[in-house]
Amino acid sequence: FATGHAPSTRVYFPEQRSGAAGPWVQILASGPDEDFYAIEKFCFAAIAGAQRRVLVTTPYFVPTEPLLLALTTAALRGVDVQILVPQRSDSRLVTAAARSYFEELVRVGVRVHEYASSMLHAKTLVVDDLALVGTANMDNRSFRLNFEVAAALFDQGFAASLAATFHADLQRAVEYRLRTARRASLWQRMSAATARLLSPLL
């Protein structure tokens, strides 16, 4: 993007040694230099096709409308959908925007957990036996404005390991309940609503 030509020499693509095959890995990249938005499309397709589980870990959760629809419909058809976010991120605006989605997600059966121990910065997705690890948050800025990269691993063992890490992290998290939303002050509700309006920019 910066130089006007793509890297193609062996410095970037060395010859591979033959040996035991590992799991299938697909590299996905998104950025302002293209309009395909591969990571967002991959996440949408994976969640929309989920049969058993969807486990999302992200420091910034401001989903696009298609991803919000995929998450809610997955939960409505009985898929175990769980989301892990920090209780307080390093951006008050993003934290408020994220919380504006929690009530509607919980109402359809999604379980939302807020990591209370420290700032959570992992960005992972487990859908059935598929795992995604990368730099992209679940927000519009990562999907469309930033240069991001992710690796999708089609491997049951790796997905199980990542799912185990997710559930271990839940020991340091607090589950969001609907009664939490009812206890929110008028100022908190207004802050969340205002931040929601800015979500396409976050």
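All of these numbers come straight from a predicted model, not from anything done at the bench.

(A) Structural context of the packing of aromatic side chains. Taken as a whole and judged by the stated rule, the model has three aromatic pairs. In this structure, Lys41 packs its charged tip against the face of Phe36, placed 5.0 Å from the ring centre. If you follow Arg144 out to its NZ or CZ, it ends over the ring of Tyr37, 4.3 Å from the centre.

(B) Structural view of helix α5 (residues 156-169). Counted at 1.5 Å a residue, the expected span for α5 with its 14 residues is 20 Å, and the 20 Å between its end C-alpha atoms agrees. Taken together, the buried positions of α5 are Ala159, Leu162, Ala163 and Phe166. Seen along its axis, α5 keeps its buried residues to an arc of 105°; they face one direction. Residues of α5 that are buried sit in contact with β2 (53-57), β4 (80-86), β6 (124-127) and β7 (130-134). Sitting at the head of α5, Asp155 places a side-chain oxygen 3.3 Å from the backbone nitrogen of Gly157.

(C) A look at the environment of Asn140. Structurally, Asn140 can be placed in helix α4 (residues 140-145). Asn140 gets classed as buried once you look at its relative accessible area, which sits at 15%. In the structure, Asn140 is positioned 77 residues away from Pro63 in sequence and 6.8 Å away in space, judged by C-alpha atoms.

(D) A look at the pattern of salt bridges. Enumeration over the complete set of coordinates arrives at eight salt bridges. Arg10 serves as the salt-bridge partner of Glu15, at 3.7 Å between the closest nitrogen and oxygen. There is no split in this pair, since Glu15 and Arg10 are both exposed. Close ionic contact of Asp129 with Arg53 constitutes a salt bridge, the shortest N to O distance being 3.9 Å.

What counts, and where the lines are drawn
Residues numbered from 1 in each chain as written. Predicted model: local features only at pLDDT ≥ 70, side-chain atom pairs only at ≥ 80, totals over all residues. Heavy atoms only, no water. Phe/Tyr/Trp six-rings, centres within 6.5 Å; stacked < 30°, edge-to-face > 60°. Lys NZ or Arg CZ within 6 Å of the ring centre and 35° of its normal. Helix = DSSP H or I, 4+ residues; strand = E, 2+ residues; numbered from the N terminus. Expected span 1.5 Å × (residues − 1). Buried < 20%, exposed > 50% of the residue type's maximum accessible area, 1.4 Å probe, protein only. Arc of directions from axis to C-beta. Contact = heavy atoms within 4.5 Å. Polar contact = N/O pair within 3.5 Å; in protein donor to acceptor, adjacent residues only side chain to side chain. Salt bridge = Lys/Arg side-chain N within 4 Å of Asp/Glu carboxyl O.

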